[in-house]
Amino acid sequence: YADLTTAATNIQDAADAATNGDLILVNDGIYQDGFRANTVSGFPGGVSSETNRLMIGKCITVQSIHGPPAAFISGSGMFRCVYLTNGAFLNGFTMTNGAAGKGGGVSGAMFGGGVVSNCVLTGNSATTFGGGAATVRRGGPPGAYTSVDRELPRQLPLPVQRRSQRPRVRAA
């Protein structure tokens, strides 16, 4: 997946092939195919599984080329759009029509989720809390925005954690 001639045809394949520190550049489009389930321990001690359109479980950056007006991740009303963990960074997407127990648009692991920057979350729902987002940090450089359609008052923006090494670029 080193250039556009060998690029992945979907974001999940590119994320699976990436290694920590990689940058995945995503072309314009509506991404609404495929899914990945994550199993998490619940409170008190229960286990739950939710299905996500995209699941990023490593410290990589997934970034759209032209930003939220041009790159969409749709949960199609039955999947969470994105699940982030282990310091994953998502930048420049519109996440729409996601549905989950928490964070229908985007959610992360309780201790070690990800960062969402320059994204729009709209039309998402959750049965418990965080219709747009839950258990992720918002951040980005000056001028970046993240608009959430529904969020809890206690979810405050936190600064982005900068990576010290230069990432390798992978196309999707």
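Above this text is the structure in question.
Residues numbered from 1 in each chain as written. Predicted model: local features only at pLDDT ≥ 70, side-chain atom pairs only at ≥ 80, totals over all residues. Heavy atoms only, no water.

## Details of the packing of aromatic side chains
What characterises a pair of aromatic rings is the spacing of the ring centres plus the angle enclosed by the ring planes. The following threshold applies: In this scheme Phe, Tyr and Trp rings, the latter by its six-membered ring, pair at centre separations within 6.5 Å, and the angle between planes marks the pair as stacked below 30 degrees, edge-to-face above 60, and tilted otherwise. Numbering of helices and strands runs from the N terminus, with a helix taken as a DSSP run of H or I at least four residues long and a strand as a DSSP run of E at least two residues long. Think of it in three bands: with a 1.4 Å probe and only protein chains considered, a residue is buried below 20% of the maximum accessible area for its type, exposed above 50%, and partly exposed in between.
One pass over the structure, following the stated rule, counts one aromatic pair. The interplanar angle of 20° and the centroid separation of 5.4 Å between the aromatic rings of Phe35 and Phe79 together place this pair among those described as stacked. Taken together, the residues Phe35 in the loop between strand 2 (29-31) and strand 3 (36-41) and Phe79 in the loop between strand 6 (71-74) and strand 7 (80-84) connect sequence positions 44 residues apart. For Phe79, a relative accessible area of 14% translates into the label buried.

## A closer look at the side chain of Thr94
Here is the rule we go by: Only heavy atoms matter for contacts: two residues are in contact if any of them lie within 4.5 Å across the pair.
By the secondary structure assignment, Thr94 is in strand 9 (residues 94-96). If we ignore the near neighbours within four places in the chain, the residues touching Thr94 are Pro68, Pro69, Ala71, Phe72, Ile73, Val120 and Thr122.

## Notes on the nonpolar core
A general feature of soluble globular proteins is that nonpolar side chains tend to end up buried together. Formally: Residues belong to one nonpolar core when they are buried, are Ala, Val, Leu, Ile, Met, Phe, Trp, Tyr or Cys, and are joined through side-chain atoms within 4.5 Å.
Ranked by size, the top nonpolar core spans 26 residues in total, and within it Val62, Val82, Leu90, Phe93 and Met95 carry the most contacts. Counting residues per element, the ones that place at least two in this core are helix 1 (11-17), strand 1 (23-26), strand 4 (47-56), strand 6 and strand 7. Not counting chain neighbours up to four residues away, the residues in contact with Phe93 comprise Ile11, Val26, Val62, Gln63, Ser64, Pro68, Ala71, Ile73, Asn118, Cys119 and Val120.

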